[in-house]
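# Coordinate inspection notes
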Amino acid sequence: MAHFEKASSITEWLDQRLAITTVKKVMALEYWIPKNINFLWAMGMVLAFTFALLTISGIFLLMYYQPNVDTAFDSVNYTIMSEVGFGWLWRHIHGVAASVVFLIIYIHMFTGIYYGSYKKGREMIWLSGMLLFVVFSAEAFSGYMLPWGQMSYWAGMVITNLFEGFSPDIAGGIMNAPGLVEWIRGDYVPGQAFLSRFFMLHVLLLPLVIIGLIGLHFAALRIPHVNNQDGEEFDYHEAAKLYKEGKTKESKVIPFQPVFLSKDVFVLGVYLIFFFYLVFYHFNFAMDPVNFDPADGLKTPAHIYPEWYFLWSYEILRPFPKDPGLIAFGFAQVAFFLLPFLDKSDTVAPANRRGLFKYWFWIMIVDMIVLTVMGKLPPQGIWNHIGLVAAVVFIALFVSLPWVTKNENRA
Amino acid sequence: MKNELKILGVVVIFTAILYWGVEPFAHTQMHKHVDGEHFAYSDLNESTKKGNVENGKTLVMGAGACTGCHGIQAVAHKAPMDAATAVSAYGVNPPDLSTAGGLYSEKFLANLIENPAHALKVEHKFDAAKGKMHPMPAFYGAGGDKAQEIADMVAFLKSIAPKEISPKNAYLDACGRCHANRYGKLDQLGETPTFKSETDTLKHKVAVLEYQDKLKAYMGKLPPDLSIIIRARSEHFLETFVENPQSQLEGTSMPRVGLSAEGFEKVKAYLTQTGDPSKTAREAIGPWVLLFTLVFTVLAYLWKKSMWKDH
Ligand code: HEM
C-alpha cells in the first residue's frame, strides 16, 4: 500500500487519494483545443447539455408517469400537466428538448461532414457518433410511445410492422420473419406488453447505452483531437509548449478550461434563449396535437407520420414498393456509417475547398431537407414523384461518393 | 466574428426552410381549409320582428310547449323528466334553457324554434318527409303571427339569461349533454359527484354508462370526451367545427350548436381550463425565464471576451 502523509487541506486529502490535480490538468486545464474553430464546435457541448436536461426533466416526469395502457394517457395529460406543481414545465422541457436535440445532432453531424472530421484518424469519433444517433433515435421513438396517444399507438404499429421483413415470396421466404413483429410487440397489436417494454427501454436500457456511448465518443476525441476550420494538422506538443510559455497569441491552441469553455458557455446561452422561447411559446411542433387524442385501435388517424427527425428516412422507404423500399430504407440507415470508407480522398478540408465534394455536400443537404418535407406531406400526386426522385438522389449520392472524391488526391 | 455570423446565417436559413416545410406548409396540405364566418350563420333567415318578453314567456311556458321537455332553472321550472328518462325518450337529454338566450345566436334560436333539424344541420338524419322527425318538434304557431311569436320567445329567453355565464356552465349547457369532460369532472349527467361508498360510486357509473348507450344509439357513436381537445385540435378547427360541424366532418351527426361568438369564447375558455391549464402560468413565467437566459448570455459573452483577449 502507498504511504499516506497527514493532509493539511481537503484538496490535498482528495489529491492523495484521487489525484484530482492531475485529473483536472489532463481533462481541463491542459486539454488542448485548436484556436481556429467557430461556434459549430460548441454543438457537442450543447448536445451534452441537452442530454442532461432530458435526463433531469425525465426523472421528474418518471415520478408521476404510469406505464399502464389504461392510465398512461391521463397520468401525463392530467396528473403531470395540471395536478403536479410545474409538471407542465418539465413536460414541455422534455418534449421540446427531445425534438431540438435532433436539430443539434444534425447540425453537429453536417459540421463533421463539411469539415471532413470523420476521416484520417477520426473514424472512431464518427462511428461512435453514428451509434449515438441510432440509439438516440430509439430513445426518442420509445419515449413517443409512453403518453399512449393516437400517434404513439399508430406510429408504434407502423414502425414495428417494418420488422415483418420482405414479402414471403421473395427468395423462398428466407427474408421474411414470421412472428418477429409479434415477438417485438409481445402481442398481436400494441398493448400492455408493448408499452411496458418500451417504458423499460426508454427509462433504463437506452439511457445507459447513451451514457456509455458518450463516454466512448469523448474518448475517441482524445488522440486525434478535434478538427479545425482549415483541417490543418499541427504539432500539439509544440503548440502547447508555446502556450505554457505565455506566447498565447502565437500558439495554435487554447486550454479547454477556461478559454474554450467560456465560448461554449456563451454559445450555450444563445441556445438557451432559443430553447426556452420554444418551451414557453412554440411547442406544438414538438408535441404533436394528434397525440393528445387517446390511443384508439379502432380509429386510424387521417395521417400517420413519424416525428420530423425520422421523416427523411421514412421518405426513402415510402415511395417504393414494399421490398425495394425496405432495401432502400436499410441503405439509408447505414449510409452515414459508411461515410469514412466511401470518401476516398485524403484531404481534410472544408467541403467548399474540395472540388466535386463541394457540390456533393450541398446537394446532400438540400436532398435531406426535401426528403424530410416530402416525408410529412400526404403521399399523393406531385409530392410522391418529388419524394421518389429525392430518394433516388440520396442513394445515388452515397453510391457515387467514392468516384466523387477519388480525384481529389491528385491535386 | 463576421465569419461566425455568416455560418449562423446559413444554419438559420436551412433550419427555417425545414421548419416551414414540415410545419406550416405541411399543415396546409394535410388539412382541408375551411373559412369561418365568425358565427354569422348567413344561411339562416333573419327576422326583423321586435320581440315581446311577456308574450314570449307565456308561449315558452305554455303553447310553445318548450317546458314540456326543457327545464328552465332561471324561472324555477324543473325539468319534467330526469336525464335517464329523457334520454330514453329523446336519445339525448334536452338542455336547461336558462342560459340559451346568452349562449346562442339570436338568429339561430329563432330558426331553431321554427325548424330544429334545419337549424341544427341534421336534415341528413331527420327528414320529416320520410317520417323521420327530429325529437324536438318544429313550432307551428300558437294562432297569431308565427314570426312574431318566435321573436317573442327569443326575447324572453334573452331576458332571463344571466349577465355573467361561467365558462363551465356554458360548456354544460351547450356541449355537456353529449360530451363528457373527465378532467373537469363532468359526465353527461353533469358534475360527477364523489361518493363515500363504493356502491354509490358504481351506481352512478352505471347510470352514466346507460345514458351513454342510449346517446350512442341516437348519435351513431359516443361523442368524444373533450377534456384535452384544445390541444388536440387547432383553434381554427374548433371554431369552424363548432360553427358548422358539416364543414369539417361531412355527414357527422353532431348538430350545429348555434353558439354566438361570445358563447363560443366561453366554451373555449372552459376547454382551455381543463385541457391547457398551464397557459396562464406559462405566460406569467415565460418572460422571466427568457430574461434570465438573456442576462446569462450577456455575462457569458463578457466572460468569453475577457478570456479571448490575449489569444
Ligand atoms: C448525441 C450526442 C452527442 C454528443 C453529446 C456529442 C458530443 C461531442 C463533443 C462534446 C464533441 C467535441 C466538440 C465538438 O466538436 O462539438 C464532439 C465531436 C464530434 N462529434 Fe459528437 N456528439 C454527439 C453525437 C454525434 C453524432 C450523431 C455524430 C455524427 C455521426 C458525431 C460526430 C462527431 C464528430 C465527427 C466530432 C469531431 C468534430 C471535429 O473533430 O471537429 N457526434 N461530439
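This one's a predicted model, so the numbers in the text were calculated from it and none came from an experiment. (Residues numbered from 1 in each chain as written. Chains lettered and ligands numbered in written order. Predicted model: local features only at pLDDT ≥ 70, side-chain atom pairs only at ≥ 80, totals over all residues. Heavy atoms only, no water.)

### Considering the pattern of salt bridges
With the rule as written, the count across this model stands at 28 salt bridges over all chains. For Glu408 of chain A, the salt bridge identified is with Arg354 of chain A, shortest N-O distance 2.9 Å. Taken as a pair, Glu408 of chain A in the segment after helix H15 (381-406) and Arg354 of chain A in the loop between helix H13 (322-342) and helix H14 (356-376) lie far apart in primary sequence, 54 residues in all. This pair shows no difference in class: Glu408 of chain A is buried, exactly as Arg354 of chain A is. We note a salt bridge from Glu191 of chain B to Lys168 of chain B, for which the minimum N-O separation is 3.4 Å. Pair noted here: Glu191 of chain B is in strand E2 (residues 190-191) and Lys168 of chain B is in helix H8 (residues 167-174), with a separation of 23 residues, a long-range link. Accessibility expressed as a relative area gives 52% for Glu191 of chain B, which makes it exposed. (Salt bridge = Lys/Arg side-chain N within 4 Å of Asp/Glu carboxyl O. Helix = DSSP H or I, 4+ residues; strand = E, 2+ residues; numbered from the N terminus. Buried < 20%, exposed > 50% of the residue type's maximum accessible area, 1.4 Å probe, protein only.)

### Considerations on the coordination of the iron atom of the ligand
All names here are of chain A. Protein ligation of the iron atom of the ligand involves His108 (NE2) and His217 (NE2), the donor distances falling in the range 2.0 to 2.1 Å. The site at the iron atom of the ligand holds six donor atoms, and with the angles between them running 83 to 178 degrees, its shape is octahedral. Taken together, the positions of His108 in helix H5 (residues 87-114) and His217 in helix H9 (residues 192-222) put the pair 109 residues apart, joining distant regions of the chain. (Donors = N, O, S within 2.8 Å, 3.2 Å for Na, K, Ca; no water. Tetrahedral: all angles 85-135°; square planar, octahedral: opposite > 155°, others 65-115°.)

### Remarks on H15 of chain A
Taking 1.5 Å as the rise per residue, H15 of chain A with 26 residues should run 38 Å; its terminal C-alpha atoms sit 39 Å apart, in good agreement. Considering bend angle alone, the principal kink of H15 of chain A is centred on Ser400 of chain A and spans about 50 degrees; proline Pro402 of chain A follows within four residues of it. If you check which residues of H15 of chain A are buried, you get Trp383, Gly387, Ala390, Ala391, Phe394, Leu397, Phe398, Leu401, Pro402, Val404 and Thr405 of chain A. Where H15 of chain A is buried, its residues contact helix H12 (311-317), H13 and H14 of chain A together with helix H1 (2-30) of chain B. (Expected span 1.5 Å × (residues − 1). Bend = angle between axes of the 7 residues up to and from the residue. Contact = heavy atoms within 4.5 Å.)

### Side note on the interface of chain B and chain A
Taken together, the contact pairs 50 residues of chain B with 60 residues of chain A. Summed over both partners, the interface of chain B with chain A buries about 5000 Å², with 73% contributed by carbon and sulfur atoms. On the chain B side of the interface with chain A, the three residues burying the most area are Arg231, Trp308 and His311 of chain B, jointly 15% of the side's total. With a closest N to O distance of 2.8 Å, Glu4 of chain B and Lys263 of chain A form a salt bridge. Where chain B meets chain A, there are 17 residue pairs in polar contact (both at pLDDT 80 or more). In terms of residues, the side of chain B that touches chain A owes the most to one element, H1 of chain B, which gives 19 residues. A breakdown of the residues in the side of chain B that touches chain A according to their chemical character gives 29 nonpolar, ten polar and eleven charged. (Buried area = accessible area lost by both parts, 1.4 Å probe. Polar contact = N/O pair within 3.5 Å; in protein donor to acceptor, adjacent residues only side chain to side chain. Nonpolar A, V, L, I, M, F, W, Y, C, P; charged D, E, K, R; others polar.)

### What to know about the site of the ligand
All names here are of chain A. Lining the immediate environment of the ligand, one finds 22 residues, of which Trp41, His108, Gly129, His217 and Asn227 sit closest. One of the side-chain N or O atoms of His217 is found 2.8 Å from a nitrogen atom in the ligand. Broken down by secondary-structure element, the contributors of at least two residues to the shell around the ligand are helix H3 (43-62), H5, helix H6 (123-145) and H9. Tallied by class, the residues present in the shell around the ligand amount to 15 nonpolar, six polar and one charged. (Near = heavy atom within 4 Å.)

### Some remarks on the packing of aromatic side chains
All told, the structure shown has 54 aromatic pairs over all chains when counted by the stated rule. The interplanar angle of 45 degrees and the centroid separation of 4.6 Å between the aromatic rings of Phe194 of chain A and Phe198 of chain A together place this pair among those described as tilted. Taken together, the residues span about one helical turn, with Phe194 of chain A and Phe198 of chain A both in helix H9 at a distance of four residues. A residue is classified by how much of its surface remains accessible, and Phe194 of chain A, at 0% relative accessible area, is buried. On the basis of an interplanar angle of 35 degrees and a centroid distance of 5.2 Å, the ring pair of Phe39 of chain B and Phe264 of chain B is categorised as tilted. With Phe39 of chain B in the loop between H1 and helix H2 (53-61) and Phe264 of chain B in helix H13 (residues 261-275), this residue pair connects regions lying 225 residues apart in the sequence. Here Phe39 of chain B falls in the buried class, since its relative accessible area comes to 7%. For Phe264 of chain B, a relative accessible area of 3% gives the class buried. Taken together, the ring pairs connect Phe51, Phe102, Tyr106, Phe110, Phe133, Phe136, Trp308, Tyr309 and Phe310 of chain A into an aromatic cluster. The ring of Tyr218 of chain B is capped by Lys125 of chain B, whose NZ or CZ atom sits 4.7 Å from the centre of that ring. In this structure, Lys304 of chain B is placed above the aromatic ring of Trp308 of chain B, and the distance from its NZ or CZ to the ring centre is 5.2 Å. (Phe/Tyr/Trp six-rings, centres within 6.5 Å; stacked < 30°, edge-to-face > 60°. Lys NZ or Arg CZ within 6 Å of the ring centre and 35° of its normal.)

### A look at the domain arrangement of chain A
All names here are of chain A. On domain assignment, one finds that chain A holds domain 1 (1-28), domain 2 (39-223 + 258-302) and domain 3 (305-411). Placing the centre of domain 2 and that of domain 3 at their C-alpha centroids yields a distance of 22 Å. Domain 2 puts 35 residues into the contact, and the matching count from domain 3 is 34 residues. Between domain 2 and domain 3, roughly 3200 Å² of surface is buried when both sides are summed, and carbon and sulfur atoms account for 70% of that area. At the junction of domain 2 with domain 3, the criterion picks out two salt bridges. Along the contact surface separating domain 2 from domain 3 lie 14 residue pairs in polar contact (both at pLDDT 80 or more). At the level of elements, H5 and H6 are the ones that each hand at least two residues to the side of domain 2 that touches domain 3. Here the side of domain 2 that touches domain 3 gets ten residues from one element, more than from any other, and that element is H6. Residue composition of the side of domain 2 that touches domain 3, by class: 24 nonpolar, five polar and six charged. (Domains from an automatic or database assignment.)

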